[in-house]
Amino acid sequence: MPDWLSRLREQLEPALAAADPRPAISAYHDMPYAIFRYPPEEEFKVRQQVSLLKTRLETNHGKRVTVISLANCLNKAIESEIPIDQLVQAEKTVGVAGLIDTVHEILSRRTSLPEIVSKMLPANGDPTKDIFFLVRAGALFPFYRTSALLEQMMGFVSIPGVLFYPGILDGAAGLKFMGIKDAEHNYRPKIY
């Protein structure tokens, strides 16, 4: 069994199955979420296992799991500001760097990505029953850092959640996105 799968089944799943998962997955009351890292090349296998984890938590433990695709959130944010075909045309004029800056601005200033994510969470969620999974984090690259998303969600989220992160651990609290970017050491949530 690969290391990531044993961490998912033996560490993360029991923590999420607890009566109140928050103390098990986070040391911070205003950040009730954790990060689950996995090798980027295992993306499709991880998606399958996330789906199975959701089913087990709902069926065996009475949890309600909301899966939020960050790729869908990205599309929603962009489409609320500019049609995708216009963005593609703009790239031809301003280049890739200009496109990255534009999308970053949309996600940071105009249509807040944390706001979009927060609106997808259950209204009046019960921290002992509701859990959210953030998946497809790779879609945010190179426009938006997941550490910024988690920091900006601080205080807005009361139910436990997990960001599924395609990257490798660097030290105790650093993550290398996709295993290629320089490690970011700004992650305060627990890393599985």
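Residues numbered from 1 in each chain as written. Predicted model: local features only at pLDDT ≥ 70, side-chain atom pairs only at ≥ 80, totals over all residues. Heavy atoms only, no water.

### A few points about helix α7 (residues 146–153)
Reasoning step 1: Of the positions making up α7, those classed as buried are Thr146, Ser147, Leu149, Leu150 and Met153. End-on view of α7: buried residues confined to an arc of 160 degrees, all on one side of the axis.
Reasoning step 2: Where α7 is buried, its residues meet β1 (33–38), α4 (70–81), α6 (113–120), β3 (130–135) and β4 (161–170).
Reasoning step 3: Of the residues trailing α7, Gly155 is marked for its positive phi of about 90 degrees. (Buried < 20%, exposed > 50% of the residue type's maximum accessible area, 1.4 Å probe, protein only. Helix = DSSP H or I, 4+ residues; strand = E, 2+ residues; numbered from the N terminus. Arc of directions from axis to C-beta. Contact = heavy atoms within 4.5 Å.)

### A look at the environment of Ser69
Reasoning step 1: The topology assignment puts Ser69 in strand β2 (residues 64–69).
Reasoning step 2: Residue classification places Ser69 among the buried positions, given a relative accessible area of 13%.
Reasoning step 3: Considering only alpha carbons, one finds Ser69 and Glu105, 36 residues apart in sequence, at a separation of 20 Å.
Reasoning step 4: Leaving out residues up to four positions away in the same chain, Ser69 has contacts with Val135 and Arg136.
Reasoning step 5: Of the polar contacts made by the side chain of Ser69, one reaches the backbone nitrogen of Ala71; its length is 3.3 Å. (Polar contact = N/O pair within 3.5 Å; in protein donor to acceptor, adjacent residues only side chain to side chain.)

### Concerning the side chain of Glu43
Reasoning step 1: Considering the arrangement of structural elements, one finds Glu43 in helix α3 (residues 43–61).
Reasoning step 2: With relative accessibility at 16%, the residue Glu43 sits in the buried group.
Reasoning step 3: Not counting chain neighbours up to four residues away, the residues in contact with Glu43 comprise Tyr38, Arg136 and Pro166.

### Digging into the packing of aromatic side chains
Reasoning step 1: Under the defined criterion, the tally for this structure stands at three aromatic pairs.
Reasoning step 2: With a centroid separation of 6.4 Å and 65 degrees between ring planes, the pair formed by Tyr33 and Phe132 is classed as edge-to-face. Placement of the pair is Tyr33 in strand β1 and Phe132 in strand β3, with a sequence separation of 99 residues. The residues Tyr33 and Phe132 share a single accessibility class, namely buried.
Reasoning step 3: A centroid spacing of 5.2 Å and a plane angle of 80 degrees characterise the contact between Phe133 and Phe164, whose relative ring orientation is edge-to-face. (Phe/Tyr/Trp six-rings, centres within 6.5 Å; stacked < 30°, edge-to-face > 60°.)

### Some thoughts on the environment of Arg7
Reasoning step 1: Structurally, the position occupied by Arg7 is in helix α1 (residues 3–17).
Reasoning step 2: Here Arg7 falls in the buried class, since its relative accessible area comes to 6%.
Reasoning step 3: In the structure, Arg7 is positioned 140 residues away from Ser147 in sequence and 21 Å away in space, judged by C-alpha atoms.
Reasoning step 4: In this structure Arg7 touches Leu12, Phe36, Arg37 and Tyr192, once residues within four positions along its chain are discounted.
Reasoning step 5: Reaching out from Arg7, the side chain makes a polar contact with the backbone oxygen of Arg37 at a distance of 3.1 Å.

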